[in-house]
Amino acid sequence: MSTTTLTETRGAGQSGDKIFSGATLAAGCLILAVLFSVAVFLLVQALPVASADPAEITGGAGFFTYIFPIVIGTIVAAAIALLIATPLGIGVALFISHYAPRRLAQGFGYVIDLLAAIPSVVYGAWGYAVLAPELAKGYAWLAENLGWIPIFGGPASQTGRTMLTAGIVLAVMVLPIITSLSREIFLQTPNLHEEAALAMGATRWEMIRMAVLPFARPGIISAAMLGLGRALGETMAVALVLSGGALSASLIASGNQTIAAEIALNFPEAFGLRLSELIAAGLVLFVITLAVNMVARWIITRHKEFSGAN
């Protein structure tokens, strides 16, 4: 290769690097600009709520009294989904990556990925028509035998459209996210780590516990936080499954509501101050989601040094 050809190739490569670098910078700035514009829109539209007479706010006792119950409902529903989906998703991911035969593992992987493609309204319809009536029978038993526990206090819902049902539906919805991400992280575990553990006489589970899980810990946390973000903002499934009402400690009784479902159910007919209330509720959900992501990033950064990836 001549000096002239080498110089031309290097110049073209440098131009390509500059173009690609500029494109990635523009994409990053665009995301920040969109996020900032959404935050400004929510803040501006929610300002009338701050100066409104508390008696004019829904409930007649101010915005905090209105938003607090549905914030609690949002957190409870997302927490139920995460408590169910995280261990189940990790277990399915470990089965696919380390236990199942390769052909069976591929089929399982396709099925899990397919679950992520199902629209949320389909999950909601399934929860409303199939899951809720079946769970209602179990709720009656829980209220009768474990009603002394506040979360199982009666009277149990006859329709099954409760916070626990909504949490279970959300768990099914976030399961593909947690499973898929965890599976990919497990497959990236260095083979030398696994082989070294097996060579020392460890069983397959001991190898997973000593080599795979420490390596994958930051990825598992990231997957769980992505699932939590999906659960916090889910709208249609919760709106269809949950029979909204006043805040209640019982998960099997009618009542409770989430921010996303509250907005979806009331936004089409809202105007004036009521519209500002719903946008202010959206701002609260925006802040909650942002806080969750910041905490997740802090947890991942803290545990990355001890993950075994180094």
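It should be emphasised that the depicted structure is a prediction, and the values quoted were computed from it without experimental measurement.

Caption draft 1: Representation of the overall build of the protein. Along the protein, the regular secondary structure elements total ten helices and zero strands. A compact globule built from 310 residues should have a C-alpha radius of gyration of about 19 Å, whereas the protein, at 24 Å, is more than 25% larger. When the backbone C-alpha atoms are referred to their principal axes, the protein occupies close to 80 × 50 × 35 Å. Counting every position in the protein, which comprises 310 residues, the buried fraction comes to 38%. Contacts in the protein between residues far apart in sequence, at least 24 positions, make up 76% of those at least 6 positions apart. Working note: accessible area of the protein is about 17,100 Å², and carbon and sulfur atoms make up 70% of it. Placing the 15 positive and 16 negative side-chain charges of the protein at their respective mean positions leaves the two points 10 Å apart.

Caption draft 2: Structural view of the confidence of the model for the protein. Per-residue pLDDT for the protein averages 83, and the proportion of residues at 70 or more is 93%. Below a pLDDT of 50 lies the segment residues 306–310, which in the model reaches ten contacts outside its immediate sequence neighbourhood of four places, other chains included.

Caption draft 3: Main features of the environment of E184. For E184, the position within the fold is in helix 5 (residues 163–187). E184 sits in the partly exposed class, given a relative accessible area of 37%. Taking the C-alpha atoms as reference points, E184 and I300, 116 residues apart in sequence, are found 17 Å from one another.

Caption draft 4: Spotlight on the packing of aromatic side chains. Taken as a whole and assessed by the stated rule, the structure comprises three aromatic pairs. Taken together, a centroid distance of 5.4 Å and an interplanar angle of 75 degrees make the contact between F95 and F108 edge-to-face. Taken together, the residues F95 in helix 2 (residues 63–99) and F108 in helix 3 (residues 102–117) connect sequence positions 13 residues apart. You can call F95 partly exposed: its relative accessible area is 32%. Residue F108 is classed as partly exposed on the basis of its relative accessible area of 35%.

Conventions we followed
- Residues numbered from 1 in each chain as written.
- Predicted model: local features only at pLDDT ≥ 70, side-chain atom pairs only at ≥ 80, totals over all residues.
- Heavy atoms only, no water.
- Helix = DSSP H or I, 4+ residues; strand = E, 2+ residues; numbered from the N terminus.
- Rg over C-alpha atoms; globule rule 2.2 N^0.38 Å.
- Buried < 20%, exposed > 50% of the residue type's maximum accessible area, 1.4 Å probe, protein only.
- Contact = heavy atoms within 4.5 Å.
- Areas by Shrake-Rupley, 256 points an atom, 1.4 Å probe, with all protein chains shown as cover.
- Lys, Arg positive; Asp, Glu negative; His and termini not counted.
- Charge placed at Lys NZ, Arg CZ, Asp CG, Glu CD.
- pLDDT = per-residue confidence, 0-100.
- Phe/Tyr/Trp six-rings, centres within 6.5 Å; stacked < 30°, edge-to-face > 60°.

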